[in-house]
Amino acid sequence: MNNSWITPMGFTLAFVLALPLMGPAHAEATGTPPTQTKSSKSTAKTEAAPKPAQPQTVPLRVMHFTRSTLLNGQDAETRLTEVLNSDPTDLLENPGTEWETEAEESSVPAGQYTQVAYTPSHQTPTELGREMLKMLNSERAVHGLKALVWDNQIQEVGLEHSGDMLRRHYFSHTSPDGKMPWDRCAAHSLRYLAMGENLAQAPTLALAHQLLMDSPGHRANVLSPDFNRVGIGIASSPRDGLLITEVFFKSP
C-alpha cells in the first residue's frame, strides 16, 4: 500500500508550518531630580506599543490514495453487482472481491511556494467544491479526458472527512479511530470499481490545486481516465485554512 496544502486516490502529505513568536517590548526609565528639602526617587515605567500580530501561516500539505478492483472489464462489473445485491455494506470484506491499494505521502518543500494568508470565504463548502471541480475538469480537458461528474453522495464522504480532520486536528487518510477511505464509503453504501482520494491543506483553492497538480500521485488521480465521478468536501478555519478532501469514483 502506497500512501497530500496537496494528491490523487493514493495519499500524499506535505507540511510547512511557521508561527510568529511575539512578545511586547518593554522600556524602563527611572529618576527624578531631588528637591531642596528632601531627597527622593521615583520610578516611571513606560511600555512600548505591541507590534501588530502577523497572519498565522497555514501548513501546506497533500496526500493521495487509490483503490481499484483487480477484476477487469465486464467480469468486474458483474461480480461487483453480485456482491452489492447480496450485501452493499460488506463489499470490501467479501472474499470474492480482490482489491489493489496504493497510498503515498508527498512532501511540500519549504520555500517552493509563495505563502499567502488565509482569508475566510463567504462561499458555502459546496460552492467552493464546485469551484475546485472546474479546476479539475479544466486540467482533464487539456488532456482530452471526459469531465468528472459531481456527485452529492460522494461529496458527503469528503465533507465528513474534512470536518473530522478539522475538529480532531489531524491530516491523514486514516482517522484517529482507524477508519480508512473505503470504510467511509461503505458507511454511505457507495459502490465503485475504483476510488481515489486526494487530501490538501492550503490557504486558497488555487494554491491547493497547484500543490496537487505538482505531485505525481495526486495528479494521477485528477487525470485518471478511469474516474468518472467526484465529490469534494471542504472545511476551513483561520488556524487550518482550507482542508480539502477530493473523492474520485469509477462507478459501475
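Coordinates for the structure precede this section.
Residues numbered from 1 in each chain as written. Predicted model: local features only at pLDDT ≥ 70, side-chain atom pairs only at ≥ 80, totals over all residues. Heavy atoms only, no water.

### Considerations on the nonpolar core
So, point 1. Judged by nonpolar contacts, the single largest core of 29 residues is most densely connected at Leu-205, Ile-232 and Ile-244.
So, point 2. Among the secondary structure elements, those contributing two or more residues to this core are helix H2 (125-142), strand S6 (194-202), helix H5 (205-213), strand S7 (229-237) and strand S8 (241-250).
So, point 3. It is H5 that provides the largest number of residues to this core, a total of 6 residues.
So, point 4. Once you skip the residues sitting within four places of it in the chain, Ile-244 turns out to touch Met-132, Ser-162, Asn-198, Leu-199, Ala-200, Leu-205, Ala-208, Ile-232, Gly-233 and Ile-234.
So, point 5. Grouped together as the second largest cluster of nonpolar side chains are 10 residues, Ile-154, Trp-182, Leu-190 and Met-195 included. (Core = buried A, V, L, I, M, F, W, Y, C linked by side-chain atoms within 4.5 Å. Buried < 20%, exposed > 50% of the residue type's maximum accessible area, 1.4 Å probe, protein only. Helix = DSSP H or I, 4+ residues; strand = E, 2+ residues; numbered from the N terminus. Contact = heavy atoms within 4.5 Å.)

### A short note on the pairing of S8
So, point 1. Burial analysis of S8 places 9 of its 10 residues in the buried class, the great majority of the element.
So, point 2. The hairpin formed by S7 and S8 contains 3 residues between the paired strands. (Pairing = 2+ DSSP bridges.)

### Looking at H2
An α-helical turn contains 3.6 residues, so any two residues separated by three or four positions project in the same direction.
So, point 1. Helix length check: H2 (18 residues) gives 26 Å between terminal C-alpha atoms against 26 Å at 1.5 Å per residue, within 8%.
So, point 2. Three or more residues of H2 are buried, namely Leu-128, Gly-129, Met-132, Leu-133, Met-135, Leu-136, Asn-137 and Arg-140.
So, point 3. Check the buried side of H2 and you find it contacts strand S5 (149-150), H5, helix H6 (216-222), S7 and S8.
So, point 4. Phi turns positive, to about 70 degrees, at Gly-144, one or two residues after H2. (Expected span 1.5 Å × (residues − 1).)

### A short note on unusual backbone geometry
So, point 1. Of note in this structure, His-169 is not a glycine but carries a positive phi near 55 degrees.
So, point 2. For His-169, the location among the structural elements is in the loop between helix H3 (152-168) and helix H4 (181-187).
So, point 3. Phi is positive for Ser-189, which is not a glycine, with a value near 55 degrees.
So, point 4. When you line up the elements, Ser-189 lands in the loop between H4 and S6.
So, point 5. Classification of Ser-189 as partly exposed rests on a relative accessible area of 42%.

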